[in-house]
Each structure stands twice: as C-alpha cells, then as structure tokens.
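Reading the structure
So you can see what is in the structure, the chains are spelled out below.
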Protein chains: 2
Amino acid sequence: MSEPVVQHTSQSGSTPSAENPGKLVQASGIAAPFQDAIKEAIQARVDQGKSRPKLVGILPTPSPPSVAYSEWTRKACEAVGIEFEIWKTWDDSVEVKEEDHKGTAPDFDLEADVEDLIIAANADESVHGIMVYYPIFFGRQDTYLQQIVDPRKDVEGLHFSYCWNMYHNVRWISPSKLGNAPGTTRELPEERATREALDAEQVPPGMAKSILPCTPLAMVKCLEAVGVYDRELPYGDRLFGKTITVVNRSEVVGRPLAALLSNDGAKVYSVDIDSIQEFNKRAVEPSSEPQGRARSEIVKKAHAQNTASQLRPHHVVRNCNMTAEECIRASDVVISGVPSANYKIETDWIKPGAVCVNFSSEKNFKPDVRTRASMYLPAIGKTTIAMLQRNLLRLVEYRELSEGPSK
Amino acid sequence: MSEPVVQHTSQSGSTPSAENPGKLVQASGIAAPFQDAIKEAIQARVDQGKSRPKLVGILPTPSPPSVAYSEWTRKACEAVGIEFEIWKTWDDSVEVKEEDHKGTAPDFDLEADVEDLIIAANADESVHGIMVYYPIFFGRQDTYLQQIVDPRKDVEGLHFSYCWNMYHNVRWISPSKLGNAPGTTRELPEERATREALDAEQVPPGMAKSILPCTPLAMVKCLEAVGVYDRELPYGDRLFGKTITVVNRSEVVGRPLAALLSNDGAKVYSVDIDSIQEFNKRAVEPSSEPQGRARSEIVKKAHAQNTASQLRPHHVVRNCNMTAEECIRASDVVISGVPSANYKIETDWIKPGAVCVNFSSEKNFKPDVRTRASMYLPAIGKTTIAMLQRNLLRLVEYRELSEGPSK
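Notes on the structure in this doc start here. (Residues numbered from 1 in each chain as written. Chains lettered and ligands numbered in written order. Predicted model: local features only at pLDDT ≥ 70, side-chain atom pairs only at ≥ 80, totals over all residues. Heavy atoms only, no water.)

**Let's talk about the overall build of chain A**
What counts, and what does not: A run of DSSP states H or I qualifies as a helix once it reaches four residues; a run of E qualifies as a strand once it reaches two. Both are numbered from the N-terminal end. The classification of residues rests on relative accessible area computed with a 1.4 Å probe and restricted to protein chains. Under 20% of the type maximum is buried, over 50% is exposed, and intermediate values are partly exposed. Throughout, a residue-residue contact means that at least one pair of heavy atoms, one from each residue, lies within 4.5 Å. Only the protein chains shown count as cover for residues, with accessible areas throughout obtained via the Shrake-Rupley method and a probe of 1.4 Å.
From N to C terminus, chain A includes 11 helices and 13 strands. Across the 407 residues that make up chain A, the buried fraction comes to 56%. In chain A, once contacts between residues fewer than 6 apart in sequence are set aside, the share between residues at least 24 apart is 69%. When the accessible area of chain A is evaluated, it comes to approximately 16500 Å², of which 51% is carbon and sulfur surface.

**Describing the pairing of strand β9 (residues 276-281) of chain A**
All names here are of chain A. Using the following cut-off: At least two DSSP bridges between two strands are needed for those strands to be called paired.
Pairing of strand β8 (residues 267-271) with β9 involves four bridges; the strand directions are antiparallel. Each bridged residue has a counterpart across the sheet, and for Tyr269 the counterpart in β9 is Glu278. Following β8, the chain reverses through four residues before pairing antiparallel with β9. Here β9 pairs with strand β10 (residues 315-319) via five bridges, running antiparallel. Opposite Gln277, over in β10, you have Asn319 as the bridge partner.

**A look at the pairing of β8(A)**
Two faces, one strand: in a regular strand the side chains alternate between the faces of the sheet. Residue and element names in this part refer to chain A. By the criterion of burial, β8 is predominantly enclosed, with four of the five residues buried. Relative to β8, strand β7 (residues 243-247) is paired through five bridges, and the arrangement is parallel. Across the sheet, residue Thr245 finds its bridge partner in β8, namely Tyr269.

**Things to note about the packing of aromatic side chains**
Where we set the bar: Pairs were defined over the aromatic rings of Phe, Tyr and Trp, the Trp ring being its six-membered one, requiring ring centres within 6.5 Å. Orientation was assigned from the angle between planes: stacked under 30 degrees, edge-to-face over 60, tilted for the rest.
Per the stated rule, a full pass over the model turns up 10 aromatic pairs over all chains. Taking 5.5 Å as the distance between ring centres and 80° as the angle between the ring planes, the aromatic pair formed by A:Tyr69 and A:Tyr133 counts as edge-to-face. One end of the pair, A:Tyr69, is in helix α2 (residues 64-80); the other, A:Tyr133, is in the loop between β4 (129-132) and α4 (140-146), and 64 residues separate them in sequence. We classify A:Tyr69 as partly exposed; its relative accessible area is 21%. For the pair A:Tyr167 and B:Tyr144, a centre-to-centre distance of 5.2 Å together with 90° between the ring planes defines the contact as edge-to-face. A residue pair is termed interchain when its members come from two chains, as with A:Tyr167 in helix α5 (residues 160-167) and B:Tyr144 in helix α4 (residues 140-146).

**With respect to the environment of A:Lys54**
Residue and element names in this part refer to chain A. Along the polypeptide, Lys54 turns up in strand β2 (residues 54-59). By relative accessible area, which is 9% here, Lys54 ends up buried. When the C-alpha atoms of Lys54 and Phe84 are compared, they prove to be 5.8 Å apart, with 30 residues separating the residues in sequence. Leave out the neighbours within four places in its chain, and Lys54 touches Glu83, Glu85, Ser126, Val127, His128, Gly129 and Leu392.

**As for the pattern of salt bridges**
Quick note on the threshold: We define a salt bridge as a contact between a side-chain nitrogen of Lys or Arg and a carboxyl oxygen of Asp or Glu at a distance within 4 Å.
Following the criterion strictly, the structure yields 26 salt bridges over all chains and no others. Where B:Arg318 meets B:Glu278, a salt bridge forms, and the shortest distance between an N and an O atom there is 3.5 Å. Taken together, the residues B:Arg318 in strand β10 (residues 315-319) and B:Glu278 in strand β9 (residues 276-281) connect sequence positions 40 residues apart. Among the charged side chains, a network of salt bridges with common partners joins A:Arg45, A:Lys50 and A:Glu400.

**Some points on the packing of helix α2 (residues 64-80) of chain B against helix α11 (residues 381-403) of chain B**
Residues and elements named next belong to chain B. This is how it is decided: Axes, fitted as lines to C-alpha atoms, cover a helix only where it is in contact. Angles between the N-to-C directions of the axes lie from 0 to 180 degrees. Under this scheme an angle from 65 to 115 degrees is roughly perpendicular, one under 35 degrees roughly parallel, and one over 145 degrees roughly antiparallel; angles in between are oblique. Note on convention: near helix rotated counterclockwise from far helix by under a right angle means a left-handed crossing. Clockwise means right-handed. In this classification, Asp, Glu, Lys and Arg are treated as charged, Ala, Val, Leu, Ile, Met, Phe, Trp, Tyr, Cys and Pro as nonpolar, and every other residue, Gly included, as polar.
The interhelical angle for the contact between α2 and α11, taken along N-to-C directions, is 55°, at an axis separation of 10 Å. Put simply, α2 runs oblique to α11. Between α2 and α11 the crossing geometry is right-handed. Counting all contacts with α2, which are made through Tyr69, Trp72, Thr73, Ala76, Cys77 and Val80, the residues of α11 involved are Thr384, Ile385 and Gln389. Residue composition of the contact of α2 with α11, by class: six nonpolar, three polar and no charged.

**Considering the sheet that holds β2(A)**
Note: strands within a sheet are paired through backbone hydrogen bonds, in either parallel or antiparallel orientation. Residue and element names in this part refer to chain A. Spatial strand order, β3-β2-β4: three strands in an open sheet with parallel pairing. Both edges of this open sheet fall to β3 (83-88) and β4, since each of them pairs with a single strand only. Mean inter-strand twist for the sheet, computed between neighbouring axes without regard to direction, equals 20°. As judged from the four bridges shared by β2 and β4, these two strands associate in the parallel manner. Each bridged residue has a counterpart across the sheet, and for Ile58 the counterpart in β4 is Val132. Strands in contact with α2 are β2, β3 and β4; relative to β3, the strand with the most contacts, it is inclined by about 160°. Of the strands in this sheet, β2, β3 and β4 touch helix α3 (residues 110-123), which is tilted by about 165° from β4.

**Looking at the sheet that holds β9(A)**
Residue and element names in this part refer to chain A. Read across the sheet, eight strands follow the order β1-β13-β12-β11-β7-β8-β9-β10 without closing on themselves; strand pairing throughout is mixed. Each edge of the open sheet is held by one strand with a lone partner, namely β1 (23-24) and β10. Of the strands in this sheet, β11 (333-336), β12 (355-358) and β13 (375-377) touch helix α7 (residues 214-225), which is tilted by about 150° from β11.

**Observations regarding the environment of A:Ile148**
Residue and element names in this part refer to chain A. Among the secondary structure elements, Ile148 is positioned in the loop between α4 and α5. Taking relative accessible area as the criterion, Ile148 reaches 0% and is therefore assigned buried. For the pair Ile148 and Ile118, spaced 30 residues apart in the sequence, the C-alpha separation amounts to 7.2 Å.

**Overview of the packing of helix α7 (residues 214-225) of chain B against α11(B)**
Residues and elements named next belong to chain B. Interhelical geometry of α7 versus α11 gives an angle of 115° and a closest axis separation of 8 Å. Note on packing geometry: the crossing formed by α7 with α11 is right-handed. Here Cys214, Thr215, Leu217, Ala218, Lys221 and Cys222 of α7 lie close against α11, whose contacting residues are Thr383, Thr384, Met387, Leu388, Arg390 and Asn391. Of the residues belonging to the contact of α7 with α11, the class tally is six nonpolar, four polar and two charged.

Here it is as structure tokens:
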C-alpha cells in the first residue's frame, strides 16, 4: 500500500448533509493494490518453476450468499493466478431446493459431508489452502468445524491458534509448532520478536508472520485506506484518540476485530445482543488493582511470569454500562456486521463526519447514512478475498519453511 | 464396576404412582466404586515411589455454584489421595461482592486473569491436570478459554481434540500427537485400533485411551449403573432399542452426550432452544442418497477415503419436526441440563417407568417427577468428579508415555 485510496475528509471538509452526502467507498478499489502484489508474487513463483498455489472452497449449501461469495472468490483467484476449486456437497445435475439442505430428509448428513471434504482437503498434498463458506449451522457447531481445518491450510485464519496469536500480538510463528498449547511449546519467550525487530520487520530465522483472521484484517486495511489510521503516529498507536463501535461480537469477526483495533490504540465499544464491552490497549505498566476486588497472589505471580514472557493479551476488556445508541453517538467509526435484514442503525445516532462500514451480507445502515457519514463502505468482501489470498501465500511459505522449498 | 447399583425395575416392577413413587438415585453411590479404584491406583503409584497426581482447579468468580463445586472437588480429591489446589482470581482477605465480578470496574480484567492462571498451570511441571469452573462469560468466550488449556492437562476433556475423538469413536491416541489436525497426523489409518483389539481392550504400543469429556462420560456411567445399558447385547449396541431425549445441545455436554448415546445404539432426540435434532448410530453400510438431494462426486470420494481410514463420525444427525413434548413422551430416558431455574419438564409428558436424569445446577424436573419416573437422578456431579479423577490418571499415563516414567 502506498497512498490512501480515499482521503479522510471529515475533519477538513464540509459536514455531510442530504445535499452534500459523504463518499461511497467500494472495497474493490482498496483491494486492487493488494491483488497486484499477489499477482506479481505468484508470477515470480511460476517464473522460478514452482507450482501455482491451490485454494479449495468448500460449499456446504446452495444458499445464495454463499454461492455468490464462492463465485467472487473464483474470479478473484483467476485474476491473480491462484488455482481455485469449489468442492460442493451436492450434485448440480440433480435439481436442489434450498429447503432440502435444511436437513429433515432421513439420510441428511450435512455435517459429516462437510467434515469429509475438510479431512480430504487436509490430506491432499496438492491443496495449499482451504476455506469453508459459513454459516452452515450458525453458532458453535460451525466453531467446531473451524477447528478441523488444518491450521497449515487455514486461509481464513479461523483456527484457535490464530485468534490466540492475534489477541496476544504474537506476530511471528514457527510453522512446525502450530496448534501447540500456550505456555508450553506454542511460544517460548526467546522466540518472541523484540519491538525493534518488529518495527524493522525482521523475521527471526525459521519463523514466519502469523496469519490473521481475514475479515478483521481486511477491516484494518479498509480503515487504513480511507485514512482512519494516522500514519504520523508510531506503529501500534495509529488509532490513538479514535473511538470505534463494532456491532457484533462473534469469535470469528467481532471480538478479534475489537481486539485488533484496540491494540492499535483505539477505544472500542463492542456491542452484542446481550452486552456491551469496552476494549482498550493494555497499559505497559501493570494496571492498578481493580476497584472493589483484590487480585489473588497466585494471579499476581502468573501475571508477572506471563508479562515477562509476553504472554498477556494486548488489550483489556471491561463491561460497559452505556447503551448502543450512546456508544454510536460517541464514535468516529461505526462498524456493523449483524446477520439480520431487520437490524438497522439509526442514521440520527451517527456523529456527523463519522466513517461507517458494513460487513454483514445484509445492509445494517439505512439508505440515508451518507447524510451523516463522511464515508460509507457498504461491503468489504473484496478486500477480505484479497487478505485470504495473502494468507494463502503465507501458508505456502509455512509449508516451505517446514518441508524445505517445494516444486 | 461389577454389578449395577440399582436394578432397572420399570419393565418388571409396578408402574410408579403418587403412592408408589420411583426410586431416588444418588450419584455418590454410583461414584463410590470408581473412587475406590482410583484410590487404589494412586496408592500403588505412591508405593512405587512416584508422586501423587496434582490437580489445579481455577476458580474465576465467587459464584456460589462454582465455589460449592470446587469444595466438592477438594473433598473428593482428598478422599482418594489426589493433591488438589484451588487457584482463585481474587484475594479472599478483601471482601468480594459477586457483582464486582460482573466487570464494570475500570480495571476489570477477568478473562486475562483466567488466561494468566491457565498459562501458568500449563507451564508448571508439577501440575498434572487443570480444570476451570465454568461458566464464566457463557457462550463462545468460554469455548475460547477451553482451547487454551493444554490437552495434556485437560481433565475435563473439553479440548477440541477430545470432542473430535469422541465423535469419531477414536479410542486410542498417541499422546505426542495431541492437537494435530484431523486427516494429517492426528490419526493415521494404521494407528486405528481394530474392532477386535477394541473388544479385547488391547492397547496399541505407545498409545493410550483417549480422554472423554467428563460430564457425558459420567452420564454413561450413571445409565450403566441404573441398568439402562443392556449387558446382554454386544459392546456398542447396549442401548439398542432405547429412545432418549437430551434437553441441551451445548458443545460441552449436550451434543457430545447425544453422540455418545447414539454411538451405543440409542435413538436420541437432542432438544435445544432453537431446534430439535435426531442422532442415530451410523449404519455400517454407506447410507442411501438423501432424499431430494444428490451427493456430489467429490463428497462421495472423500466419504469413501474417510470410511476406509475410519475417519467418519459414528453417528448421523438429522433435523426433526417433532416437538419437545412429543420427544419426551416417546422416551425411555429423559436427560435435562438447562441452566435456568424457570425451565421445568412437565411430569405428564414423562412415559410411565422412564428414567429421568438432571445434570443442571437448577432442578429441571418438577417435585412430583417420581410419580411417573421409575428412577430419578437429581444430580450427577459426584460421578462427574470421579470421571475427572480417572481422566487425571490417564493424563499422568500420557505424560509417562511421552517422556518416559517420571518420579
């Protein structure tokens, strides 16, 4: 990324209104420079006589948003030279009604079919990356399936190991140790990169950059592109002074995103159906004793040990007594990913000049959002696919680090 | 276990009524023979000059059910010679109100405190087993924490690897490979035990029996003890002909339990807030094509590969159009674990002579349940603790297999 795609105008420019609406920003423009770099990297591999990376997209059901997303993935992969295969659970030569996938048929076995495909893709050496078009069952059964994908092929970054790395700001990993338990062999203190190495982007020998969950990562890239990140500030503080509301606290997107943004210095309100939490970057100095509660000696000792070995999360979470409306009214950036056609954020709640981003397949903002927002991103899917492709290249790197360079 | 603690009387005995209520069965009687065996095994270790196994119980909040459960664990561990430590997040010398743990204090950092304790326990070589008194946050944030516990110390069997093993009827594991992704190195076909070896309880060299999630396992032991399992039938079919309703489909208890019971031959209705599913044992012959839907070639191929390598789940799940009432009326055994004081199963729905088991900390059955049930188990916690202790001994075995015999 060289220059922001769009300059952030809300501070200097005029306040948006019905006559002078904020900018509509498309994710395709943000994704373009990343895709160029990916295309170049793949061409360089091919020029060296190496194979093209191969991505498999597992399509569990013919639900229209999943099918549409898989077709975008196909086009985006063709555009950069990634080999892409869609593995469907059903046979297209037989007419399929979506209801048939709801599973009342006597031999319905969707979860086992998806598992079969994941396991076959794990075992197939020609496959470098696997993605699954969720949601399938919604909720925890999907979380279970996400853990079955080999972390060495998990382009979406949904494996527990990658969330852990993100929450703890673990940037470099030893691919051969992926999946080990924290505190044991996952991350030894001497393997943690120093802040200096991090700033200089020096890779410790035998290590590679950790995958990040691709939707939260795409969101960061979008916010960077529209100028929400302040490049004048040091790395890790570039959202300093910004207040951001994220509506949705799923383990897949909302919670990692809140953590990622707070790690970059923002105050983040994480709004979900049942509660609101506030995420802030953890202070370098140990925090004072929480009010009305004293930490036990054993927690203090564990805390000290883990701080020394850099194993503490880089953000602090606390419950918040504000309402969703109060959070949104206070926010410079409002991000929403509620998977419901009925959920709409009141345009009146949006601070004039704020940046609004929708990552739900439904529209969570009303049509008049740009009468208040200085910028509105209606979708980020194309940037997400670009991040997925970047993750794929990183997984190819992991494999080469583990096994030596392959054809 | 030699003889059932209680004979199952509903078939031969008189039908329960208000005058002649069914039996009240306490879990302590079921747990006793297991505890005797555990005590003996630990004494044998001590006699060989080996250390006592050490269990750490992490207590995140002073919620009364968690504190009570931790005290039961302490007593049960003292009774069999297991060293037990409670690691609390708070300091008892400062008065704590439960509300203080709800997290509105500015420096509230409960998740990080629990993580700190888990990581310290993972890293502490003197600790053989770790349990955490859930629920903390309810929902997926707890699921995340469950993945942080090293599977080599996970006495509760909540790590993804153990659920996977349970769903796939993987009985033997190589402790050094715990946590690897399925289809890669988790389970190679040649490592799968044959049915004959399984029946003879022969352990393949270098392998040990897989941990099972301890609440579902305790439920099986309770149902065996009260005679629901038919010992005349071959292993794996001992629930043949039984219909069982399980109310609750959490990833921690309800879903694994439904799978475990269907693997033993029962037809299981799994009832949750939003849906009802039916679990059945997978037929040995490949199932016919599902109605209204044809499997794709790639699924058929993956299916065949995974069947050959015994990597398919041993149960089939389908959605069910029956109501909860219809499921319960059809059931020989009704099991409930709804964490709400308001949820009560109508006594009228219970088939006369059925066995009823409650595993919620709230009472999900009404006081008159025994006017219909031939047997009622109001709680299974003591059996769960015995299974947890058995799991602890197995983890000690894992460590010795990985590292060679230790002191």
